[in-house]
Amino acid sequence: MIEIRGIRVPVSRDSRFLEQQIRRRLRLKQVPEYQILKRSIDARKKPDVYYIYSVGVTLPNESNVIQKLHDNNIMLTNRVEYRPPEHGKEEMPHHPLVIGSGPAGLFCALLLAREGYVPVLVERGLPVEERVQKVNAFFEGEPLDPECNVQFGEGGAGTFSDGKLNTQVRDKYGRIRYVLEEFVKHGAPERILYDSKPHVGTDLLVHIVKGIRKEIEALGGVFLFQTKAADFAIQNDRIVKVKLLHKGYETWVDTEQVIVAIGHSARDTFSMLYEKKLAMHAKDFAMGVRIEHPAAWIQRAMYGEGAAAGLLPAAPYKLTHQTSDGRGVYSFCMCPGGYVVNASSEEGCTAVNGMSYSGRDGTNSNSAIVVSVRQSDFENDSPLAGMEFQRQLEQRVFQEGKGKVVSQRFEDFCRNTPTTEFGVVKPQIKGNYTSGNLYSCLPEFMTGAIIEGIQTFDRSIPGFAHGDAVLSGVESRTSSPVRIERDENFLSNIRGIYPCGEGAGYAGGILSAAMDGMKVAEAVIARYSPKDSPTE
Ligand SMILES: Cc1cc2nc3c(=O)[nH]c(=O)nc-3n(C[C@H](O)[C@H](O)[C@H](O)COP(=O)(O)OP(=O)(O)OC[C@H]3O[C@@H](n4cnc5c(N)ncnc54)[C@H](O)[C@@H]3O)c2cc1C
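This one's a predicted model, so the numbers in the text were calculated from it and none came from an experiment.

Chemist: Looking at this model, I keep getting lost on the nonpolar core. Mind explaining?
Modeler: Side chains that are nonpolar tend, in soluble globular proteins, to be buried together. Ranked by internal contacts, the top residues of the largest apolar core, which has 61 residues, are Leu 442, Met 446 and Ile 450. A total of seven residues in this core trace back to one element, the largest contributor, which is helix α12 (residues 444-460). Not counting chain neighbours up to four residues away, the residues in contact with Met 446 comprise Met 287, Gly 288, Val 371, Val 373, Phe 389 and Leu 393. Among the nonpolar cores identified, the runner-up in size contains 52 residues, and Tyr 82, Leu 193, Met 518 and Ile 525 belong to it.

Chemist: For this particular structure, what's the right way to read the packing of helix α3 (residues 103-114) against helix α5 (residues 175-185)?
Modeler: α5 packs onto α3 with a crossing angle of 90 degrees between their chain directions and a minimal axis gap of 12 Å. The orientation of α3 with respect to α5, classified from their angle, is roughly perpendicular. Across from Phe 107, Leu 110, Leu 111 and Arg 114 in α3, the residues of α5 making contact are Tyr 178, Val 179, Glu 182, Phe 183 and Lys 185. Of the residues in the contact of α3 with α5, the class split is six nonpolar, no polar and three charged.

Chemist: Teacher, can you tell me more about the site of the ligand here?
Modeler: Within the structure, the ligand sits among 38 residues, and Glu 123, Ala 157, Lys 164, Glu 502 and Ile 510 are positioned closest to it. A distance of 2.4 Å separates an oxygen atom of the ligand from a polar atom in the side chain of Glu 502. When isolated, the ligand has an accessible area of 1000 Å², and the protein chains bury 97% of it. Among the residues making up the shell around the ligand, the classes are represented as 16 nonpolar, 16 polar and six charged.

Chemist: Help me understand the sheet that holds strand β2 (residues 34-42) in this model?
Modeler: Backbone-to-backbone hydrogen bonds pair the strands of a sheet. The strands run either parallel or antiparallel. Strand order across the open sheet formed by four strands is β2-β3-β1-β4, with antiparallel pairing between neighbours. Edge positions in the sheet fall to β2 and β4 (74-76), since each has one partner strand and no second. Sheet twist, expressed as the average angle between the axes of neighbouring strands with direction ignored, equals 25 degrees. The sheet contact formed by β2 and strand β3 (residues 50-57) spans eight bridges and is antiparallel. What sits directly across from Ser 40, in β3, is Ile 52.

Chemist: Can you help me understand the environment of Pro 198 in this one?
Modeler: Among the secondary structure elements, Pro 198 is positioned in the loop between α5 and α6 (202-218). Its relative accessible area of 5% is what places Pro 198 among the buried residues. Distance in space between the C-alpha atoms of Pro 198 and Ser 40 is 9.9 Å, their sequence separation being 158 residues. What Pro 198 contacts, discounting residues up to four positions off in sequence, is Gly 163, Lys 164, Leu 165, Asn 166 and Ile 192.

Chemist: Help me understand the pattern of salt bridges in this model?
Modeler: Between side chains of opposite charge, pairing is possible as soon as their charged atoms come close. Under the defined criterion, the tally for this structure stands at 40 salt bridges. Here Arg 391 and Glu 388 are joined by a salt bridge, their closest N and O atoms 2.6 Å apart. One end of the pair is Arg 391 and the other is Glu 388, both in helix α10 (residues 385-401) and three residues apart, which spans about a single turn. On the basis of relative accessibility, which here comes to 18%, the residue Arg 391 falls in the buried class.

Chemist: Before we go on, may I ask you to explain the state of the cysteines in this structure?
Modeler: A disulfide bridge is the covalent bond that connects two cysteines by way of their sulfur atoms. Scanning the model with the defined rule gives zero disulfides in all. For Cys 333, which is in no disulfide, the shortest distance to another cysteine sulfur is to Cys 335 and amounts to 4.5 Å. When its relative accessible area of 24% is taken as the criterion, Cys 333 is described as partly exposed. We note that Cys 441 lacks a disulfide partner, and the nearest cysteine sulfur, in Cys 349, lies 12 Å from it.

Chemist: Even after reading the chapter, I still don't get the packing of aromatic side chains, so can you show me in this structure?
Modeler: Two numbers describe a pair of aromatic rings. These are the distance of the centres and the angle of the planes. If you walk through the whole model with that rule in mind, you get 12 aromatic pairs. Here the aromatic rings of Tyr 317 and Phe 464 are separated by 5.4 Å at their centres, their planes lie at 85 degrees, and the arrangement is edge-to-face. Taken together, the residues Tyr 317 in the loop between α9 (308-311) and β14 (320-322) and Phe 464 in the loop between α12 and β22 (470-475) connect sequence positions 147 residues apart. Each of the two residues, Tyr 317 as well as Phe 464, counts as buried. On the numbers, 5.2 Å between centres and 70 degrees between planes, the contact of Phe 413 with Tyr 439 is edge-to-face. With Phe 413 in helix α11 (residues 410-415) and Tyr 439 in the loop between β21 (433-435) and α12, this pair connects stretches of sequence that are 26 residues apart. Here Arg 8 stacks its cationic end above the ring of Tyr 50, 4.1 Å away from the centre of that ring. Here Arg 39 stacks its cationic end above the ring of Tyr 51, 4.7 Å away from the centre of that ring.

Chemist: Can you walk me through the sheet that holds β21 in this structure?
Modeler: Strand order in this open sheet of seven strands is β14-β15-β18-β13-β22-β19-β21, and the pairing throughout is mixed. Strands with a single pairing partner mark the edges of an open sheet, and in this sheet they are β14 and β21. For this sheet, the mean inter-axis angle between neighbouring strands, taken without regard to orientation, is 30 degrees. Where strand β13 (residues 285-294) meets β22, four bridges bridge the pair, whose relative direction is antiparallel. Along β22, the bridge assignment pairs Glu 292 with Val 470. Packed onto the sheet, helix α8 (residues 295-303) meets β13, β15 (328-335) and β18 (364-373) and runs at close to 95 degrees relative to β13. Across the sheet, α12 touches β13, β14, β15, β18 and β22, and the angle it forms with β18 is around 130 degrees.

Calculation rules
Residues numbered from 1 in each chain as written. Predicted model: local features only at pLDDT ≥ 70, side-chain atom pairs only at ≥ 80, totals over all residues. Heavy atoms only, no water. Core = buried A, V, L, I, M, F, W, Y, C linked by side-chain atoms within 4.5 Å. Buried < 20%, exposed > 50% of the residue type's maximum accessible area, 1.4 Å probe, protein only. Helix = DSSP H or I, 4+ residues; strand = E, 2+ residues; numbered from the N terminus. Contact = heavy atoms within 4.5 Å. Axes fitted to C-alpha atoms, helices over the stretch in contact; angles between N-to-C directions. Parallel < 35°, antiparallel > 145°, perpendicular 65-115°, else oblique. Nonpolar A, V, L, I, M, F, W, Y, C, P; charged D, E, K, R; others polar. Near = heavy atom within 4 Å. Polar contact = N/O pair within 3.5 Å; in protein donor to acceptor, adjacent residues only side chain to side chain. Areas by Shrake-Rupley, 256 points an atom, 1.4 Å probe, with all protein chains shown as cover. Pairing = 2+ DSSP bridges. Salt bridge = Lys/Arg side-chain N within 4 Å of Asp/Glu carboxyl O. Disulfide = S-S within 2.5 Å. Phe/Tyr/Trp six-rings, centres within 6.5 Å; stacked < 30°, edge-to-face > 60°. Lys NZ or Arg CZ within 6 Å of the ring centre and 35° of its normal.

Listed below in structure tokens is the structure:
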């Protein structure tokens, strides 16, 4: 295939303009069949905004064609097709057990199922259809269910999200394409295969998760919902049994392969694993607040005043700053045209995050403004000290808000005074919220860095530090507070346990978590031979 890069198309022009560019660059009379390989937005000369395309074209005598063109942006290209490893030979006495149905657990189970390993997947929360009802009821004011919420339940933390599908992880094996194609197969728009910043939105994620489950079940895989992995039985440094808790009943199941894909919020399970002497250590992460501005302000700042801004989806931004005392403060998990969500999962604790629907057409745009947190900020050097630090700040916000999300105008935050009335920016929050004094709940190193960061970001996005910008908190679950150690075979210090995904400290985001799930499945596949169906 011939790849043509750097095709600039004004956002106001349609595909015919693109096709004429392709024909002209290849010096052809007719427009050839083509495939969009990549599309990004170039707004450096706003309000003139362009799409930058890379397309693929298949032609006879491709090398000759390229030689004649002398265009450095036209080259031969080959896409890497994903291939699972050869099956191993070791016998697997019992079915592999996957704990957690977030992207890591789900893609691990999918690959194991496709290769005939018939996985059993346990998930403490509900199937996604019931989970949606449960979470919406919570947003409407029903009490938190600590087993099924924005963090826990089928699909994992990413289900109620903006569904951004980008990652910094390098991929020379074609895993990214494999995951994205699976999303498209179950209802995501084709454009996620080529957009430089692909996203799907919560409304589509729900169906995608269910579709993947159905596929795993059709291949013999088994899902056990409302089932928590509560304890491990270990003999001679090897896992032999897992205790499952289901509606108050406990069962011990035999297994020698356990994939621990529990996410960054399973604090009870982290404590259990620590007691079981699974080697782990505290990991740096970031915490802060979520800030909201009218999406129109961001659109204007990112794409200018012209017509282009109206033709483009809600604009994203990425901001970063180093404070005078060396702390990193940056925007995280930005949700254009989205909502702030109450992402709590523990009683007596309040945590927020962000989500959007596929249309990204909410009134506000939001992002987390987070500050790097170091182990020296923790009370002690226990591997779980970071987790405790998160919990403490969440408890303070819970008390300040009496169980509701706490929101504060930026001006009041700077003055450490409670907000009594919001200004031109109205909070767009899923879940009950109240105006209050978020500043008083956070440590000084964090409030100082947040204020310095927001005032600095105002230089790139005018209005970012507007007094009426709304801050809500606390944004505490940006990544896992621990890393569970694993070796080159993806095994922990306890034989048969495979730490996996974001919770174990090996991923950050939906796509990288799914890829890590695939890597762990490959490790199991390369060592063991496939298993007969559990029903036989
Ligand atoms: C509101 C929100 C918005 C987000 N937005 C984005 C985004 O737009 N783009 C992006 O890339 N990332 C986003 N993220 C982050 C992303 O969701 C995570 O990085 C990703 O889901 C991690 O995948 P995982 O499979 O490792 O863990 P998780 O998705 O956290 O899944 C872990 C699963 O394990 C289950 N579990 C935990 N303990 C047990 C146990 N003991 N027994 C049984 N089951 C258990 C949990 O119920 C959960 O379903 C967002 C996160 C949140 C909370």
